[in-house]
Number of protein chains: 4
Amino acid sequence: MKVGIIGAGRIGKVHAKNISMFVPEMEIKTIADPFMNEETEAFAKRCGISNITKDANDILNDPEIEAVLICSSTDTHAKYIIEAANAGKNIFCEKPIAYDLALVHEAIDTAKKAGVKLQIGFCRRFDHNHRAVYDMVREGKVGKVNIIKISSRDPEPPSLAYVKVSGGIFYDMMIHDFDMARFLAGSEVTEVNAIGSVLVDPGIGEAGDVDTALVTLKFENGAIGVIDNSRKAVYGYDQRVEVFGSEGCAQNENDIPNTAVLSNADGKIGGTAYKVMWDRYTGAFVSEMQAFADAIANDKETPVTGIDGLYPVLMAAAATKSLHEGRPVKISEVE
Amino acid sequence: MKVGIIGAGRIGKVHAKNISMFVPEMEIKTIADPFMNEETEAFAKRCGISNITKDANDILNDPEIEAVLICSSTDTHAKYIIEAANAGKNIFCEKPIAYDLALVHEAIDTAKKAGVKLQIGFCRRFDHNHRAVYDMVREGKVGKVNIIKISSRDPEPPSLAYVKVSGGIFYDMMIHDFDMARFLAGSEVTEVNAIGSVLVDPGIGEAGDVDTALVTLKFENGAIGVIDNSRKAVYGYDQRVEVFGSEGCAQNENDIPNTAVLSNADGKIGGTAYKVMWDRYTGAFVSEMQAFADAIANDKETPVTGIDGLYPVLMAAAATKSLHEGRPVKISEVE
Amino acid sequence: MKVGIIGAGRIGKVHAKNISMFVPEMEIKTIADPFMNEETEAFAKRCGISNITKDANDILNDPEIEAVLICSSTDTHAKYIIEAANAGKNIFCEKPIAYDLALVHEAIDTAKKAGVKLQIGFCRRFDHNHRAVYDMVREGKVGKVNIIKISSRDPEPPSLAYVKVSGGIFYDMMIHDFDMARFLAGSEVTEVNAIGSVLVDPGIGEAGDVDTALVTLKFENGAIGVIDNSRKAVYGYDQRVEVFGSEGCAQNENDIPNTAVLSNADGKIGGTAYKVMWDRYTGAFVSEMQAFADAIANDKETPVTGIDGLYPVLMAAAATKSLHEGRPVKISEVE
Amino acid sequence: MKVGIIGAGRIGKVHAKNISMFVPEMEIKTIADPFMNEETEAFAKRCGISNITKDANDILNDPEIEAVLICSSTDTHAKYIIEAANAGKNIFCEKPIAYDLALVHEAIDTAKKAGVKLQIGFCRRFDHNHRAVYDMVREGKVGKVNIIKISSRDPEPPSLAYVKVSGGIFYDMMIHDFDMARFLAGSEVTEVNAIGSVLVDPGIGEAGDVDTALVTLKFENGAIGVIDNSRKAVYGYDQRVEVFGSEGCAQNENDIPNTAVLSNADGKIGGTAYKVMWDRYTGAFVSEMQAFADAIANDKETPVTGIDGLYPVLMAAAATKSLHEGRPVKISEVE
């Protein structure tokens, strides 16, 4: 199966490298980026990619290419989904599809009508620790799900310049956790209530955002949940989930680079967590691409559908509204 | 220092036993219970208590007795605080003081005017694991507090008969966590938002209560927090706190009876948590009584004051209102 | 059941206090110590002990007393066992019975002939963590035992004065681990090989002892094992066991005062271990006395018999010989 | 830097793949294997290797090739080291160099005289968990090293056919741990004492080997240590090290695929360990090759020298002798 990659930035390169070594079903025929440079060309050759171009159409118009990876900037995601769908290509698109709900719907609908696969890049669903909790829940080991708790904290806030265009903490950061909540619960969220505070950097507050947030969730099936986010954890990435149910509680501990501990006169001391996202989720990026290849090769539903791309955006919209209005907001209010 | 105990039920007996062995500054002169029976008398003798009576006045009117432990039923707490205060005795009273806020205020005010010590039995403040997190926070090890998370789950729901008179999950169960939240934050809660569900026992719903609840908290200092409660955790008592701040995160793991684990073909298996509250908080009951004795002997402020007894009741009132009205409620609305 | 305690030093007091509160079947009638003083008398009264004496014969000759606790200095253990047995009293004796093997045998034989219960104070068998591993092994959860590993490290070496009369690290410290090894294996040790080094304090070497030691064990049933000891661990008491078998591995982690951990820029930091033996084994002392009371009350074999007192002494003798001769030594060589 | 790989079996392929993706300084020009087949050719092409041959001389005689990886069967290691050294090529050789000590010395000496780099494939030195303990020790965090403990257990014994030609458990399995012991101690072993048992499979005993073994170590600097090995752990690979010293204890926990745990009515249950060696040491194989490339590129000493290849073989010889003769054996006896 020949694939093309649109966008050769950081994430595009990660996918290219992973496909070349860990996804034998796929062969990257072309990589396109308007800012293609020598370094990227050298990288592409190393990955065995023969066609290097600045024009995404070289991929979209190539009848040999069966699948497209959209790794370009967020504002182009929906456009490329629509064009790739119309060209009959299966699509892997980084999250989010778009911030504009009409555009999200159009992209999803176009892919659906074209009968192509669409997978959204919610990579955390493929993380070894989160997946293991998910498996416990799906196998019925916690019984009926009652409470879901998700913690997600970043080592450092992004630049203020980025914060201003990011759409806010709910669209930019918590969107992963909104996806995780639905994924773990196996039920749709009906209402959210958000509280937030500016505790990390006053500049984030001046940009109209919060840097610390808690969102409670009500699920259709009666379960309740809560997500907490902070833009800055001095000890590194902190990503944990907990699913408490009628028969037990599945939870994971934060991922750490090694298990060594030192016991001395000051106590028992283990290492810090990951400080770099790419180190933290190395395996998840590989697994999501293997799953995409598998969905195409074996004509299965992709494990993260277009609808899975839509709902977290709805939740982010509702959470943003809740924060601003100081009241719980139903998902139906923002649909 | 001679003390008297009003109420010889389960908790009165725990205090009696602990004082007799672990609080050498105190001598229990009298224990009073209207339902005094032979078994309790035998127990009292074993603890070296000479006076056994059915009449609490034998304690309140005894000029030799310096301190009173109020371990009777909740509806008598405020009355005995007022009487003991008027009799000039230092007071340890089990939580809560009362559900009626006017009565709570009257009890606190009377003790204040009488110039006697008043300590409320929020024993979890003295638990080894919670105290260790508290110490880390107070020593500045997490920096400025940003997020507080508290999990508290019981092994089994109480009887439906009890649920009906308990005042509801916020007054009866989460009240300990409300206290813990204030204790850890070192700041007052200004607003709560409660969501809840009936997921454990439909009978609890029919009694007008929920059995699973999440309450978010806003603190005066900008911090935010969340408490989750469930009436039933199949693996036993689950009590954990987490304080996340600008310089780190202090958290404890659930308390377990032993550290043994078995690695076999099915995985790595440790034991279940405590199933009996008295086993879980053995040390906490001893420590709170030692602290009470210390406050009297050395004329210090008690570590859990009357005001500390008031605020959790306010929070429970606000959470109850929030749950019923489906909106965030400020503490000032219920004061 | 009335009991007498011979020896009112630290360990005698611990047993007295524990019996008075946690062993309702027993009543301490008399405590005897040649160095009885006012402080000890006050303590005894607090425990409800009426007879306080300097003469152990007041216990041995008292027909009302059914059981004797021998908590005097090691050199008197065998003598009092013999006298108490001849007086027909059940006996709890602190370890070791004696260093002289003939004396050990005489004591055991006398108790046997007299038909009285004899329990030796190997308290670690009753420790919550070690017992949990033992239970896993006995319930067959590790299958056939293949390897036993025991770590035992003290916070500080004893005084050099004590080291000189202690009999050496194998008699004084590793004797607990020799007992634990037999206890866990359910099989007798047939050969030991000891290596040791002076790494903590040169004074210990000058006194003819080592302060760091490793002893390998061969068991009758084919299992093999190893014990490591150090006189000084800066992080506190470190006591862990591991039993590896055909169906799994049971192990415990070291016991710590609380579960709180701090994650900060330096890593993840938990507290130090216990620094005081009495804090580390609080529950074990209670449990062993309850087991002794139970053995008498229900006419059962004691859980640590005279033979259990003999074998660790044999192992210590063999380990000492092995260290000196630089070769493996069979237990049969020292019997 | 152009490299050649001699031997395209499992380990040769792992190195080929790792170099192609993770070692940008190296380019694999040629891979040689007498049993070269279509599947291997396809694999090689995927890795971007142009020359595929059955004749190792195509590598040894190629003046463009700077470094050779010897991944062929053990009996050819020394021969290829000698030939590659004489051809002036830097050498990475899988362990062990040889079982015959004269041959080991000849190989090391030839490489030394030729002035080429020689690195032996003791991959565990590069494992994330073991390396983290090593770093703690080297940074002085445990102070002076007193005790070293190493556990190493495999999920399944190798086939009996293999056992018969393996050289025995000390040469085949514990050799990794002998290397680890020296690596962690920073001191040479002077004496070993081995005990062993046939507890896993009687066939192993019939083949003249043991399947369960404990070896104690004396180090030149006074430290002591112990290694335990079992051919079968039902819960998967179990590899842990512990270094106890004057200022603390560095240890790691076994590596597990994920951190998820399930708390239910049966206890707290985590997943099993790795069952496949290649999964357990994925990162270590990458790191050792990066270190080899770095040693050549920057003209540094390799991190695992020829001497590091020699000593574990000496220790295996001494342990074998000790097991057979039932006595401690000095390394000097087998040199």
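Since we're looking at a predicted model, the values are computed, not measured.

Undergrad: For this particular structure, what's the right way to read the relation of the copies chain A and chain B?
TA: Superposition of chain A onto chain B requires a rotation of 180° combined with a translation of 0.0 Å along the rotation axis, giving an RMSD of 0.0 Å. Overall, the copies show the geometry of a two-fold rotation axis. Within chain A, A:R327 has its C-alpha nearest the rotation axis, a separation of 2.9 Å. With an isologous cut-off of 70% or more, the 100% of interface residues of chain A that recur at the interface of chain B puts this contact in the isologous class.

Undergrad: I tried to follow the interface of chain A and chain C on my own but got confused; where do I start?
TA: Interfaces are frequently sized by the accessible area removed from exposure as the parts join. Each partner contributes to the interface: chain A provides 13 residues, whereas chain C provides 13 residues. Across the interface of chain A and chain C, roughly 960 Å² is buried in total on both sides, 59% from carbon and sulfur atoms. Sorting the residues of chain A by area buried against chain C places A:Y235, A:A265 and A:K268 first, and these three jointly supply 35% of that buried surface. Between the two partners, chain A and chain C, sit 0 salt bridges. Applying the counting rule to chain A against chain C returns 2 residue pairs in polar contact (both at pLDDT 80 or more). Counting only elements with at least two residues in the side of chain A that touches chain C, the list comes to β13 (260-264) and β14 (267-270) of chain A. Ranked by the residues each element gives to the side of chain A that touches chain C, the list is headed by β14(A), at 4 residues. Counted by class, the side of chain A that touches chain C contains 4 nonpolar, 6 polar and 3 charged residues. Where β14(A) lies against strand β14 (residues 267-270) of chain C, 3 bridges are found, and the strand directions are antiparallel. Residue pairing for β14(C): A:G270 is matched across the bridge by C:K268.

Undergrad: Just to check I follow, could you spell out helix α12 (residues 282-297) of chain A for this structure?
TA: An α-helical turn contains 3.6 residues, so any two residues separated by three or four positions project in the same direction. All names here are of chain A. Taking 1.5 Å per residue as the helical rise, α12 with its 16 residues ought to reach 22 Å, and the 23 Å between its terminal C-alpha atoms agrees with that figure. The complete set of buried residues in α12 reads A284, F285, V286, E288, M289, A291, F292, A293, A295 and I296. Looking at the buried positions of α12, the neighbouring elements they touch are α1 (10-22), β4 (67-70), β5 (90-93), β6 (118-120) and α11 (277-280). Two residues or fewer past α12, D299 is found with a positive phi of approximately 45°.

So, how was this worked out
- Residues numbered from 1 in each chain as written.
- Chains lettered and ligands numbered in written order.
- Predicted model: local features only at pLDDT ≥ 70, side-chain atom pairs only at ≥ 80, totals over all residues.
- Heavy atoms only, no water.
- Least-squares fit on C-alpha atoms with pLDDT ≥ 70 in both.
- Contact = heavy atoms within 4.5 Å.
- Buried area = accessible area lost by both parts, 1.4 Å probe.
- Salt bridge = Lys/Arg side-chain N within 4 Å of Asp/Glu carboxyl O.
- Polar contact = N/O pair within 3.5 Å; in protein donor to acceptor, adjacent residues only side chain to side chain.
- Helix = DSSP H or I, 4+ residues; strand = E, 2+ residues; numbered from the N terminus.
- Nonpolar A, V, L, I, M, F, W, Y, C, P; charged D, E, K, R; others polar.
- Pairing = 2+ DSSP bridges.
- Expected span 1.5 Å × (residues − 1).
- Buried < 20%, exposed > 50% of the residue type's maximum accessible area, 1.4 Å probe, protein only.

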